[in-house]
Amino acid sequence: MSAAGVAPLLATVAAAVSEAIERVRPELAGADPVVRRSDRADFQSNAALPLAKKTGIKPGELATELAGQLTADGHAAPVATAVASGPGFVNITVTDSAVWSRIADRLADPRLGIAEPAAGQRIVIDYSAPNVAKEMHVGHLRTTIIGDSLARVLGFLGADVVRANHLGDWGTQFGMLIQYIDENPDKPWRADDLADGTSVSALDSLYKAARAAFDADPAFADRSRSRVVALQDGDEPTVASWREIVAARVSMSL
């Protein structure tokens, strides 16, 4: 039962309406039963409205025929009442036994009757992916929670979920921060060089200073862009600085 899940009651009612359509108008076999939830009954079928045009009769008449078939002896077991209404609707209520049967089936199923429609699919969930060159904020927490919720739901639906959360960046933010640190060795940021032993605030201050210098000094901006290229090319001193900054950011965020 778990692989396919428990069939929704709407699907069972829709099948009953399809059978009724075929019995009253065999030429319409296979037509959409157009069943949906209703605030006037348990379900409502609007099939008579489009199908009446194909049969040459009024929608109300076809709806009446369908309602009669749905409650005929030996047919449509889940249907308790079916009443033609309005221009061609059929309001349908289901039997108590049909409802309790569905509840019992779901309670007996370890997955509560939920199928696995995503089985065989691989889905990648990209979490918050914070740029640790910059200060983190509540938005990173929010998107991580949303990502984890999606991952859990999709995993329950049978998907092979790959959880990805990249920490760090190879872009301009790191280029200008590394360049600014190199050009200002007198400004401490490592935990061992700080009185409070935390480097996050110091790195935030350096990033803001680097941003201001980048915007105000074209020459510094060019050097920062060159540092990005060096980072992307695997320049050892630049990569070493990048790793040190990322490690400091991550350790302070945990």
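Everything below is about the structure shown above.
Here's a quick rundown of the structure. (Residues numbered from 1 in each chain as written. Predicted model: local features only at pLDDT ≥ 70, side-chain atom pairs only at ≥ 80, totals over all residues. Heavy atoms only, no water.)

A few points about the overall build of the chain
When its secondary structure is counted, the chain shows nine helices and six strands. The burial tally for the chain puts 38% of its 254 residues in the buried class. In the chain, once contacts between residues fewer than 6 apart in sequence are set aside, the share between residues at least 24 apart is 64%. (Helix = DSSP H or I, 4+ residues; strand = E, 2+ residues; numbered from the N terminus. Buried < 20%, exposed > 50% of the residue type's maximum accessible area, 1.4 Å probe, protein only. Contact = heavy atoms within 4.5 Å.)

Here's the deal with the side chain of Arg111
Mapped onto the fold, Arg111 is located in the loop between α4 (96–108) and β5 (122–126). A distance of 3.0 Å separates a polar side-chain atom of Arg111 from the backbone oxygen of Ile114. (Polar contact = N/O pair within 3.5 Å; in protein donor to acceptor, adjacent residues only side chain to side chain.)

Topic: the side chain of Ser128
Here Ser128 shows up in the loop between β5 and α5 (138–156). Within the structure, the side chain of Ser128 is placed 2.9 Å from the side chain of Thr144, a separation counted as a polar contact. In contact with Ser128, other than residues within four places in its own chain, are His140, Thr143, Thr144 and Asn165.

Considerations on the packing of helix α6 (residues 172–183) against helix α8 (residues 218–232)
At their nearest, the axes of α6 and α8 sit 8 Å apart, and the two run at 110° to each other. The orientation of α6 relative to α8 falls into the category roughly perpendicular. For the pair α6 and α8, the crossing hand works out as right-handed. From α6, Thr172, Phe174, Gly175, Met176, Ile178, Gln179, Tyr180, Asp182 and Glu183 reach across to α8, where they touch Phe220, Arg223, Ser224, Arg227, Val228 and Leu231. Its residues assigned to classes, the contact of α6 with α8 comprises seven nonpolar, four polar and four charged. (Axes fitted to C-alpha atoms, helices over the stretch in contact; angles between N-to-C directions. Parallel < 35°, antiparallel > 145°, perpendicular 65-115°, else oblique. Left-handed = near helix turned anticlockwise from the far one by under 90°. Nonpolar A, V, L, I, M, F, W, Y, C, P; charged D, E, K, R; others polar.)

Some thoughts on the pairing of strand β3 (residues 79–85)
In the sheet, β3 pairs with strand β4 (residues 89–94) via six bridges, with the strands oriented antiparallel. When the bridges of β4 are listed, Ala84 appears paired with Val90. Between β3 and β4, which pair antiparallel and follow one another directly, the connecting turn spans three residues, one of which, Gly86, has a positive phi of 60°. (Pairing = 2+ DSSP bridges.)

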